[in-house]
Amino acid sequence: MKKLPWRNSLLLFLTALIWGVAFVAQSVGMDYVGAFTFSFSRCIIGGVVLIPCIWFLNRRKEEEPEKKASEKRDKKAERRICVIGGVCCGIALFFASNLQQFGLKYTTVGKAGFITALYIILVPVLGLFMKKRVQGKVWISVTLAVAGLYLLCITDGFSLGTGDLLVLLCALMFSVHILVIDYFSPKTDGVKMSCIQFFVCGILSGIAMLIFEEPSLGALLQAWMPILYAGVLSCGVAYTLQIVGQKDMDPTVASLILSLESVVSVLAGWVLLGQRLSLREISGCVLMFAAIILAQLPGKKPAGSVSDEREPA
């Protein structure tokens with residue numbers, strides 16, 4: 001394995017840091033606005049933030065030598081794939097992000113961060129239904145993750161809390177989201193597709209907001225800080241950092257660095273919100289984090305395996 005550029009590693013760590021703290025922003029935002037209102041606001045802002053990035057990247061491409069006619073025809077097909085991929089990703093993101101928002105109303109930031117991180121393990125498991133091979137270490141990771149989830153979430157009455165269950169469903173939907181991206185991203189521009197997905201998710205959340213909630217300008221102004229953080233930093237900046245940081249880097253190692261968001265979410269919940277975990281819950285976090293690390297350790301990649309690259313929280 002070639003030596004990792006320290007700059008790329010730093011950018012990916014910053015991405016994990018932003019995404020981890022975003023759980024606090026989402027939790028605080030729910031004190032003022034509904035889940036759909038928060039998702040609508042953050043996604044629209046995230047999409048708007050990416051527009052200048054797309055403009056800048058297009059300007060750089062325009063400076064390149066004139067391309068052949070066949071390559072120009074391919075760009076038309078690529079734009080079509082970009083739109084279809086963006087819409088599909090946006091629909092999956094709508095369910096994932098809003099399940100996470102509702103879950104944060106009933107569980108702690110730290111627990112939500114670790115349960116959401118299960119997407120890294122769920123992705124290869126779901127890949128079985130797409131006839132994709134799974135390494136043996138993934139099954140060991142699944143066993144560790146289930147044990148950790150039990151310690152973290154299951155109460156004395158052997159029941160899964162409402163918030164924990166919603167975030168677990170969120171992790172499942174993020175897994176679907178990642179599989180959709182795994183299919184479309186090699187065929188089109190990732191930044192453009194991400195911009196489309198944010199607007200699609202924002203529009204769907206806006207429709208749900210008007211049906212199920214009563215948004216007000218006053219409430220939005222009260223929640224302006226967490227909304228801006230989630231929209232500008234978590235959606236816009238962090239995604240761009242991920243794109244730059246993963247260039248020329250082993251995606252498995254990149255995913256391992258990004259999975260540190262789960263640890264950051266616990267620390268952020270403790271420092272910023274005063275949320276604490278019991279010894280039992282901490283043990284569950286340790287097991288789940290061990291499962292995440294094991295699932296991402298470099299190894300021989302099976303033919304037809306699923307990409308496990310992370311998308312924004």
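Just so it is clear, the model here is predicted, and its values are computed rather than measured.

Q: An account of the overall build of the protein chain is needed here, citing residue identities and associated values.
A: The secondary structure content of the protein chain amounts to 13 helices and 0 strands. Starting at the N terminus, the α and β elements of the protein chain follow one another as α-α-α-α-α-α-α-α-α-α-α-α-α. Per-residue burial for the protein chain yields a buried fraction of 49% across its 313 residues. When contacts within the protein chain are restricted to residue pairs at least 6 apart in sequence, those whose partners lie at least 24 apart make up 91%. Working note: accessible area of the protein chain is about 15,400 Å², and carbon and sulfur atoms make up 68% of it.

Q: Lay out the packing of helix 4 (residues 109-116) against helix 7 (residues 162-184) in plain terms, naming residues and giving numbers.
A: One can describe the packing of helix 4 onto helix 7 by two numbers: an axis separation of 8 Å at closest approach and a directional angle of 35 degrees. Of the two possible hands of crossing, helix 4 and helix 7 adopt the one that is right-handed. The residues of helix 7 that touch helix 4, namely those facing Lys111, Ala112, Ile115 and Thr116, are Asp164, Val167, Leu168, Cys170, Ala171 and Phe174. Grouping the constituent residues of the contact of helix 4 with helix 7 by class yields 7 nonpolar, 1 polar and 2 charged.

Q: How would you explain the UniProt feature "transmembrane region" (unreviewed entry) in the protein chain if you had to name every residue and give the values?
A: Sequence positions flagged by UniProt for "transmembrane region" (unreviewed entry) are, in local numbering, residues 39-58, 79-97, 109-129, 138-159, 165-184, 196-212, 224-241 and 253-273. For residues 109-129, helix accounts for 81% and strand for 0%, while the C-alpha atoms at its two ends are 31 Å apart. Within the segment residues 224-241, helix and strand shares are 100% and 0% respectively, and the terminal C-alpha atoms sit 23 Å apart.

Q: Which residues make up helix 8 (residues 190-212), and what values do they have?
A: In a regular helix each residue adds 1.5 Å, so 23 residues correspond to 33 Å; helix 8 covers 32 Å between its end C-alpha atoms and thus fits that length. N-cap assignment for helix 8: the residue whose side-chain oxygen lies 2.9 Å from the backbone N of Val191 is Asp189.

Q: Quick rundown of the environment of Val237? Include the residues and the values.
A: By secondary structure assignment, the location of Val237 is in helix 10 (residues 224-245). A residue is classified by how much of its surface remains accessible, and Val237, at 30% relative accessible area, is partly exposed. For the pair Val237 and Ile18, spaced 219 residues apart in sequence, the C-alpha to C-alpha distance is 8.8 Å. Apart from residues no more than four positions distant in its own chain, Val237 is found in contact with Ile18 and Val232.

Q: I'd like a description of the state of the cysteines, backed by residues and values.
A: As enumerated under the stated definition, the model contains 0 disulfides in all. Among the cysteines around Cys201, which has no disulfide bond, Cys43 carries the closest sulfur, lying 3.5 Å off. Judged by its relative accessible area of 0%, Cys201 falls in the buried class. We note that Cys235 lacks a disulfide partner, and the nearest cysteine sulfur, in Cys43, lies 5.2 Å from it.

Q: Please provide a residue-by-residue account of the side chain of Ser205, values included.
A: Tracing the backbone through its elements, the reader meets Ser205 in helix 8. Taking the relative accessible area as the measure of exposure, Ser205 reaches 0% and is therefore buried. In this structure the side chain of Ser205 is engaged in a polar contact, spanning 3.3 Å, whose partner is the side chain of Asn98. Those residues in contact with Ser205 that lie beyond four places of it in its chain are Phe36, Ser39, Phe40, Phe94 and Asn98.

Q: Can you lay out a nonpolar patch on the surface for me, pointing to particular residues and giving the numbers?
A: Side chains of Trp6, Leu10, Phe13, Leu14 and Leu17 sit close together on the surface and give an oily, nonpolar patch of about 490 Å² of accessible area. Mapped onto the elements, Leu14 comes out in helix 1 (residues 6-29).

Q: I'd like a description of the packing of helix 4 against helix 12 (residues 261-273), backed by residues and values.
A: Where helix 4 meets helix 12, the axes come as close as 7 Å, and the angle between the chain directions of the two elements is 170 degrees. The angle between helix 4 and helix 12 falls in the class roughly antiparallel. Contacts between helix 4 and helix 12 pair Val109, Gly110, Gly113 and Phe114 from the former with Ser262, Val263, Ser265, Val266, Gly269 and Leu273 from the latter. Its residues assigned to classes, the contact of helix 4 with helix 12 comprises 5 nonpolar, 5 polar and no charged.

Q: Which residues make up the pattern of salt bridges, and what values go with them?
A: Taken as a whole and judged by the stated rule, the model has 1 salt bridge. Put simply, Lys111 and Asp164 hold a salt bridge, and the shortest N to O gap is 3.6 Å. Here the residue Lys111 occupies a position in helix 4, and Asp164 occupies one in helix 7, the gap between them amounting to 53 residues. As far as burial versus exposure is concerned, Lys111 and Asp164 are alike and both buried.

Q: How would you summarise the packing of aromatic side chains if you had to cite specific residues and measurements?
A: Counting across every chain of the model gives 5 aromatic pairs. The interplanar angle of 15 degrees and the centroid separation of 6.2 Å between the aromatic rings of Phe36 and Phe94 together place this pair among those described as stacked. One end of the pair, Phe36, is in helix 2 (residues 35-62); the other, Phe94, is in helix 3 (residues 69-103), and 58 residues separate them in sequence. Phe94 shares its class with Phe36; the two are buried. Sitting over the ring of Tyr183, Lys187 keeps its end group 3.6 Å from the ring centre.

Q: Summarise helix 12; cite the residues concerned and give the values.
A: The end-to-end C-alpha distance of helix 12, which contains 13 residues, comes to 17 Å, matching closely the 18 Å that a straight helix rising 1.5 Å per residue would cover. Looking only at helix 12, the buried set comprises Glu261, Ser262, Val264, Ser265, Ala268 and Gly269. Buried residues along helix 12 cover an arc of 150 degrees about the axis, so they all sit on one side. Within two residues after helix 12, Gly274 carries a phi angle of roughly 70 degrees, on the positive side.

Scoring rules and cut-offs
Residues numbered from 1 in each chain as written. Predicted model: local features only at pLDDT ≥ 70, side-chain atom pairs only at ≥ 80, totals over all residues. Heavy atoms only, no water. Helix = DSSP H or I, 4+ residues; strand = E, 2+ residues; numbered from the N terminus. Buried < 20%, exposed > 50% of the residue type's maximum accessible area, 1.4 Å probe, protein only. Contact = heavy atoms within 4.5 Å. Areas by Shrake-Rupley, 256 points an atom, 1.4 Å probe, with all protein chains shown as cover. Axes fitted to C-alpha atoms, helices over the stretch in contact; angles between N-to-C directions. Left-handed = near helix turned anticlockwise from the far one by under 90°. Nonpolar A, V, L, I, M, F, W, Y, C, P; charged D, E, K, R; others polar. UniProt positions renumbered as here; feature names shortened; annotations may be inferred. Expected span 1.5 Å × (residues − 1). Polar contact = N/O pair within 3.5 Å; in protein donor to acceptor, adjacent residues only side chain to side chain. Disulfide = S-S within 2.5 Å. Patch = residues over 30% accessible without salt bridge, like charges linked within 9 Å, V, L, I, M, F, W, Y side chains within 5 Å. Salt bridge = Lys/Arg side-chain N within 4 Å of Asp/Glu carboxyl O. Parallel < 35°, antiparallel > 145°, perpendicular 65-115°, else oblique. Phe/Tyr/Trp six-rings, centres within 6.5 Å; stacked < 30°, edge-to-face > 60°. Lys NZ or Arg CZ within 6 Å of the ring centre and 35° of its normal. Arc of directions from axis to C-beta.

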